[in-house]
Amino acid sequence: MNIPQHIAIILDGNGRWAAKKGMPRNYGHTQGAKTVERICEDAYKLGVKYLTVYAFSTENWNRPQNEVDALMTLLRNYMKTCTRTATKNNMKVKVIGDKSKLDVDLQKSIANLEESSKNNTGLNFQVAINYGSRNEIVRAVKKIIIDKDENKLNIDDIDEKILDSYLDTKDIPDPDLLIRTSGELRLSNFLLWQLAYAEFYVTDVLWPDFTKDELVKAIEQYNNRDRRFGGVKGE
Ligand code: IPE
Ligand code: IPE
Ligand code: MG
């Protein structure tokens, strides 16, 4: 089986999963975080080198305040759990998104997690927090303009590679496979640039129920795809 080098996941359906159990939405998020932990291990054992998960979007601030607060608390705790698992599993963790809008203590936990795991050589694990692809591109453009004003960059040098290097995903190869759970058929502002040639896999399974078998199913489907990159089959 050909294992995708980079899998990106829009983990969705935590709220619906909880509702089905008659529980508050936040219970679904707690279970969802546990699923992330499991899938990191499973993906790495299967040979995946990069895994990126969408944990909180720039639009998720529009949710009711109590859900936003609970999600921030969960992310705070998750950064600590993740620091332990990163050490245990040799994972290199990076947070993508606009971190400057997060509480200072959360920013510190993120910096700590990134720093303590930066020399690890196992799974490269990216977590998207306050991430929106359009916001990422706007921030990249601003940084490019600053560098141009400081004569670090010429306008004629700007190409796809340069723009890529100003994104939060700098040095991370584009995803080969995008998985979205809970049956939704949209990108919801996730990695618009980076997913240009990714294969999509959607499943009705709600994220807290996502298992290694589901991951294998997604990879099997990926293996049946013919990635042409605009070329011709077999060329
Ligand atoms: C995904 O689950 C997690 C986040 C967006 C934080 P949802 O909370 O979107 O779950 P549904 O879509 O309402 O079921
Ligand atoms: C996308 O899920 C964002 C994350 C998974 C973090 P949403 O549940 O927020 O997306 P929409 O609102 O259904 O598009
Ligand atoms: Mg959702």
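The chain goes by Isoprenyl transferase in an unreviewed UniProt entry, where it is assigned to Candidatus Galacturonatibacter soehngenii. According to its UniProt record, the chain has this under Function (unreviewed entry): "Catalyzes the condensation of isopentenyl diphosphate (IPP) with allylic pyrophosphates generating different type of terpenoids." Reading the Subunit (unreviewed entry) entry of the UniProt record for the chain gives the comment "Homodimer."

Helix length check: helix 4 (residues 104-117), at 14 residues, gives a terminal C-alpha distance of 20 Å against a target of 20 Å (1.5 Å per residue), a fit within 8%. If you check which residues of helix 4 are buried, you get Leu106, Ser109, Ile110, Leu113, Glu114 and Ser117. Within helix 4, the buried residues cover an arc of 130 degrees as seen down the axis, which keeps them to one side. Residues of helix 4 that are exposed and angled more than 90 degrees away from the buried face: Val104 and Lys108.

So, on to the packing of aromatic side chains. Applying the stated criterion to the full structure yields seven aromatic pairs. For the ring pair tyrosine 54 and phenylalanine 190, a centre distance of 4.3 Å and an interplane angle of 15 degrees mean the geometry is stacked. Placement of tyrosine 54 in strand 2 (residues 50-57) and of phenylalanine 190 in the loop between strand 5 (177-180) and strand 6 (199-202) is noted, with a sequence separation of 136 residues between them. Across the pair, exposure class does not vary: tyrosine 54 and phenylalanine 190 are buried alike. A connected cluster of aromatic rings, assembled from ring pairs, spans Tyr54, Tyr131 and Phe190.

Criteria and cut-off values
- Residues numbered from 1 in each chain as written.
- Chains lettered and ligands numbered in written order.
- Predicted model: local features only at pLDDT ≥ 70, side-chain atom pairs only at ≥ 80, totals over all residues.
- Heavy atoms only, no water.
- UniProt positions renumbered as here; feature names shortened; annotations may be inferred.
- Helix = DSSP H or I, 4+ residues; strand = E, 2+ residues; numbered from the N terminus.
- Expected span 1.5 Å × (residues − 1).
- Buried < 20%, exposed > 50% of the residue type's maximum accessible area, 1.4 Å probe, protein only.
- Arc of directions from axis to C-beta.
- Phe/Tyr/Trp six-rings, centres within 6.5 Å; stacked < 30°, edge-to-face > 60°.

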